[in-house]
Every structure is written in C-alpha cells, then in structure tokens.
Amino acid sequence: NIQGGLIGLSKSTQISELIKKYNIDILSLNETNLNDSISTDTLNIPNNYTFLRKDRGTGSRVGCGLIISKKVAYDDKVKQLTGISENIEAIWIKIKSSNYYICGFYRSTGFCKLDDFLDYFTECMNKLKGKKVIWIGDINVD
C-alpha cells in the first residue's frame, strides 16, 4: 500500500529505486489515492515503464495500479473479464507470449464486501479455466 505515494517525491523515488535494484517487470500498487483529476503523465513513473490504474473517486485508501516494464508485451483488453463488476478495484493484463493472466487488485473493506470479492474471484477463475492466473494485491481479510 503506497497511500498516494506516486504523487510525492519520497515514495515514488523509493519505488523507482526498488524497480531498478531488483529489475522488476511488473509491480502491483494498492491505495494509490488517484482520481481522474490527476493525469498519469504527472506521476513519477520510471521512463521505461507504463502505469495502468483503476481509480475510485477521491479519498484515502482507494485505487490500484500496475507499473509494467515496456519490455513486457501485454494486452490490457482482457475481454472475458470486462464489465464483470464495477465494484471491484482490479486491473487485468494478459502476457502476450504466454497463457498468463495477471490481476492487480485492491479490496477495501468499506467499499467491497468480502463475499462480493469472492464471487468476483470465482467468476474470473471460471472464465479463465485452464489458464494460468496470478492475483497480486490486498484482499484485506483480517
């Protein structure tokens, strides 16, 4: 959880250093705290990376994103998972060179009931039966 850290220099610098040090291809972020008034172009994302994001209005503890190396060929139009639920903060990509699907997600306890998330998870897994699926995020189950 970065709690809005992409806007400020301190956390975004730490994220850039982490990406560089460990040569990370895909990094999932939660609690991005972004909204449509904040352009992706204004965020401190490393030059050779793309940032996909799912915003949820304003406030804290909202939103998720994936920082993806430009050397990774992916498709972010995962048709079978489009429109399943607007109440879920999730971003899907498919790695083009493989049968891998990756979901970066964030489940806020105040926004999405656990049962709703589990229904979403089950529906996604049923639609992707036989595929390799990686879920990266925060389900907030205490």
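Treat the numbers as computed from the prediction; the structure is a model and nothing was measured. Along each chain, residue indices are assigned from 1 in the same order as the chain's sequence is written. pLDDT decides what is reported in this predicted model: residues at 70 or higher carry local features, side-chain atom pairs at 80 or more are listed and counted, and totals for whole chains, interfaces and linings draw on all residues regardless. Where side-chain values are given, they derive from all heavy atoms of the structure, hydrogens and water being excluded.

Student: Explain the pairing of strand β6 (residues 100-106) here, please?
Tutor: Two faces make up the sheet, and in a regular strand the side chains alternate between them. For β6, the buried fraction is high: six of the seven residues fall into the buried class. The sheet contact formed by strand β5 (residues 89-95) and β6 spans six bridges and is antiparallel. Bridge assignment links Ile91 to a residue of β6, and that residue is Gly104. Examined bridge by bridge, β6 and strand β7 (residues 132-138) share seven bridges and lie parallel to one another. Looking at β7, one finds that Ile102 is bridged to Ile134. When the strands point away from the viewer, a crossover counts as right-handed if the route from the first strand across the helix to the second turns clockwise. The helix and strand labels rest on DSSP assignments: H or I over at least four residues marks a helix, E over at least two residues marks a strand, and numbering proceeds from the N terminus. In the classification by handedness, the crossover that spans β6, the intervening helix α2 (residues 114-127) and the parallel β7 is right-handed. Only protein chains enter the calculation, and the probe is 1.4 Å; a residue is then buried if its accessible area is under 20% of its type maximum, exposed if over 50%, and partly exposed in between. DSSP calls a pair of strands paired once it identifies at least 2 bridges connecting them.

Student: I would appreciate a short explanation of the sheet that holds β6 in the present structure.
Tutor: Sheet strands pair by backbone hydrogen bonding; their relative direction is either parallel or antiparallel. Ordered in space as β4-β5-β6-β7, the four strands form an open sheet in which the pairing is mixed. This sheet does not close on itself; its edge strands, each paired only once, are β4 (74-75) and β7. Its contacts with the sheet place α2 against β5, β6 and β7, and it is angled at close to 160° to β7. Any pair of residues with heavy atoms lying within 4.5 Å of one another is described as a contacting pair. Axis definition: a line fitted to C-alpha atoms, over the contacting stretch in the case of helices. Angles run 0 to 180 degrees between N-to-C directions.

Student: I tried to follow the sheet that holds strand β3 (residues 64-69) on my own but got confused; where do I start?
Tutor: Ordered by their spatial adjacency, three strands build an open sheet running β1-β3-β2, and the pairing between neighbours is antiparallel. The sheet is open, and its two edges are formed by β1 (26-30) and β2 (49-54), each paired on a single side. Strand-to-strand twist of the sheet, defined as the mean angle between neighbouring strand axes without regard to direction, takes the value 15°. Sheet topology note: the β2/β3 ladder contains six bridges and is antiparallel.

Student: Explanation requested: the confidence of the model for the protein chain in the structure shown.
Tutor: Regions with low pLDDT carry predicted coordinates that are not meant to be interpreted in detail. Every residue carries a pLDDT, the predictor's confidence in it, which falls somewhere between 0 and 100. Averaged over the protein chain, the pLDDT score is 88; the fraction of residues at 70 or greater is 96%. Within the protein chain, the element-level pLDDT minimum falls on helix α1 (residues 9-22), averaging 89, and the maximum on β4, averaging 96.

Student: Looking at this model, I keep getting lost on the pattern of salt bridges. Mind explaining?
Tutor: Pairing of side chains with opposite charge becomes possible as their charged atoms draw close. Only one rule defines a salt bridge in this text: a Lys or Arg side-chain nitrogen within 4 Å of an Asp or Glu carboxyl oxygen. Within the structure shown, the criterion is met by five salt bridges. Among the salt bridges present, the one from Lys71 reaches Asp25, with a minimum N-O distance of 3.6 Å. Placement of Lys71 in the loop between β3 and β4 and of Asp25 in the loop between α1 and β1 is noted, with a sequence separation of 46 residues between them. A relative accessible area of 57% means that Lys71 is categorised as exposed. Look at Asp25 and you get partly exposed, because its relative accessible area is 33%. Put simply, Arg53 and Asp55 hold a salt bridge, and the shortest N to O gap is 2.8 Å. Judged by its relative accessible area of 25%, Asp55 falls in the partly exposed class.

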